[in-house]
Amino acid sequence: DQQVKQNSPSLSVQEGRISILNCDYTNSMFDYFLWYKKYPAEGPTFLISISSIKDKNEDGRFTVFLNKSAKHLSLHIVPSQPGDSAVYFCAASATGNQFYFGTGTSLTVIP
Amino acid sequence: NAGVTQTPKFRILKIGQSMTLQCAQDMNHNYMYWYRQDPGMGLKLIYYSVGAGITDKGEVPNGYNVSRSTTEDFPLRLELAAPSQTSVYFCASNAGANVLTFGAGSRLTVL
């Protein structure tokens, strides 16, 4: 049973435009959410996170928005750059011990 | 600072063989994890450990065993390998600050 879902397997965006990656979750006990970026043949690397007490967290070109009532979060990348092309995973945690991951969205930024 | 180191990077096994995937971290993290990534399926938690001598099952533990005799090492044992265990395996660690640090992955093929 997939507790964290990323319904878009892929996304293509022109360089300079905004990329919006979406994530939905089912477990209302999740209180911490993360985004990871993964290049081929490498492990996932941490990108940005948000606690359930916030609805927005920003770090440079990356912003994560959390809508608890809709059990939805999104990652905005502005402006998108070719180096952002990677697979992005959404993850969630309730206890800090176990992290549940989505299936990933492959982002392609077209120069 | 090496972070999380996984060996081997690649391995081919025959059905019924056994092997151990090694994972070591040099960050003195208490929490360690094993995930597997199958195409289109995201990362699934196999086993995790909250400290030396303590391990617990994740979402997909069947066919695997782990041990945690030291803080640094968290080996994953596959007994009687099956084609369903063909996957990319990622080890990760966490200091308890809600951010996982991943290794580069181990690609296992069972024929």
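Preceding block: the structure.
Residues numbered from 1 in each chain as written. Chains lettered and ligands numbered in written order. Predicted model: local features only at pLDDT ≥ 70, side-chain atom pairs only at ≥ 80, totals over all residues. Heavy atoms only, no water.

S.K.: Could you give me a rundown of the overall build of chain B, with the residues and numbers involved?
M.R.: When helices and strands are counted, chain B shows zero helices and eleven strands. Going from N to C terminus, chain B has its helices and strands arranged as β-β-β-β-β-β-β-β-β-β-β. In terms of overall size, chain B behaves like a compact globule, its C-alpha atoms giving a radius of gyration of 13 Å where 111 residues would be expected to give roughly 13 Å. When its C-alpha atoms are laid out on the principal axes, chain B stretches across 40 × 25 × 25 Å. Expressed as a percentage of its 111 residues, the buried residues of chain B come to 47%. Within chain B, residue pairs in contact and separated by at least 24 positions form 53% of the contacts whose partners lie at least 6 positions apart. Looking at charge distribution, chain B has the averaged site of its 9 positive side-chain charges lying 9 Å from that of its 7 negative ones. (Helix = DSSP H or I, 4+ residues; strand = E, 2+ residues; numbered from the N terminus. Rg over C-alpha atoms; globule rule 2.2 N^0.38 Å. Buried < 20%, exposed > 50% of the residue type's maximum accessible area, 1.4 Å probe, protein only. Contact = heavy atoms within 4.5 Å. Lys, Arg positive; Asp, Glu negative; His and termini not counted. Charge placed at Lys NZ, Arg CZ, Asp CG, Glu CD.)

S.K.: Describe the pairing of strand β4 (residues 31-37) of chain B, listing the residues and the values that go with them.
M.R.: Residue and element names in this part refer to chain B. The element β4 is extensively covered by neighbouring structure, given that six of its seven residues are classed as buried. Pairing geometry for β4 and strand β9 (residues 87-94), over seven bridges, is antiparallel. Counted as the bridge partner of Arg 36 is Tyr 89 from β9. In terms of strand pairing, β4 meets strand β5 (residues 43-51) through six bridges, oriented antiparallel. Note that in β5 the partner of Tyr 35 across the bridge is Leu 45. The hairpin formed by β4 and β5 contains five residues between the paired strands, and Gly 40 there has a positive phi angle of roughly 70°. (Pairing = 2+ DSSP bridges.)

S.K.: If you had to explain a nonpolar patch on the surface to someone new, which residues and values would you point to?
M.R.: Together, A:Ile18, A:Ile20 and A:Val78 make up a nonpolar patch on the protein surface, roughly 230 Å² of accessible area in all. Structurally, A:Ile18 can be placed in the loop between β2 (10-14) and β3 (19-25). (Patch = residues over 30% accessible without salt bridge, like charges linked within 9 Å, V, L, I, M, F, W, Y side chains within 5 Å. Areas by Shrake-Rupley, 256 points an atom, 1.4 Å probe, with all protein chains shown as cover. Salt bridge = Lys/Arg side-chain N within 4 Å of Asp/Glu carboxyl O.)

S.K.: Requested: an account of the nonpolar core, with residues and values cited.
M.R.: In globular proteins that are soluble, nonpolar side chains generally tend to be buried together. Counting 24 residues, the largest nonpolar core has A:Val4, A:Phe33, A:Trp35, A:Leu73, A:Leu75 and A:Tyr88 as the members making the most contacts within it. Within the residue set of this core, elements represented by two or more residues are β3, β4 (32-38), β5 (45-51), β7 (62-67), β8 (72-77), β9 (86-93) and β11 (105-110) of chain A. Here this core takes four residues from β9(A), the largest share from any one element. Beyond its immediate stretch of four places on either side in the chain, A:Val4 contacts A:Cys23, A:Asp24, A:Tyr25, A:Phe30, A:Cys90, A:Ala92, A:Tyr100, A:Phe101 and A:Gly102. Of all hydrophobic cores here, the second largest spans 19 residues; its members include B:Val4, B:Leu21, B:Leu78 and B:Ala81. (Core = buried A, V, L, I, M, F, W, Y, C linked by side-chain atoms within 4.5 Å.)

S.K.: Describe the sheet that holds strand β8 (residues 76-78) of chain B, and please don't skip the residues or the numbers.
M.R.: Residues and elements named next belong to chain B. Spatially, β1-β3-β8-β7 is the arrangement adopted by the four strands of the open sheet, whose pairing is antiparallel. Of all the strands in the sheet, just β1 (4-7) and β7 (64-66) have a single pairing partner and so form its edges. Strand after strand, the sheet turns through a mean of 20° between neighbouring axes, direction not considered. The pairing of β7 with β8 spans three bridges and is classified as antiparallel. (Axes fitted to C-alpha atoms, helices over the stretch in contact; angles between N-to-C directions.)

S.K.: Give me the sheet that holds β3(A): which residues, what numbers.
M.R.: Residue and element names in this part refer to chain A. With antiparallel pairing, five strands are arranged side by side in an open sheet as β1-β3-β8-β7-β6. Every other strand in the sheet has two partners, leaving β1 (4-5) and β6 (56-59) as the edge strands with one partner each. Bridging between β7 and β8 involves six bridges; their strand directions are antiparallel. Its bridge partner lying in β8, Leu 66 is registered against Leu 73.

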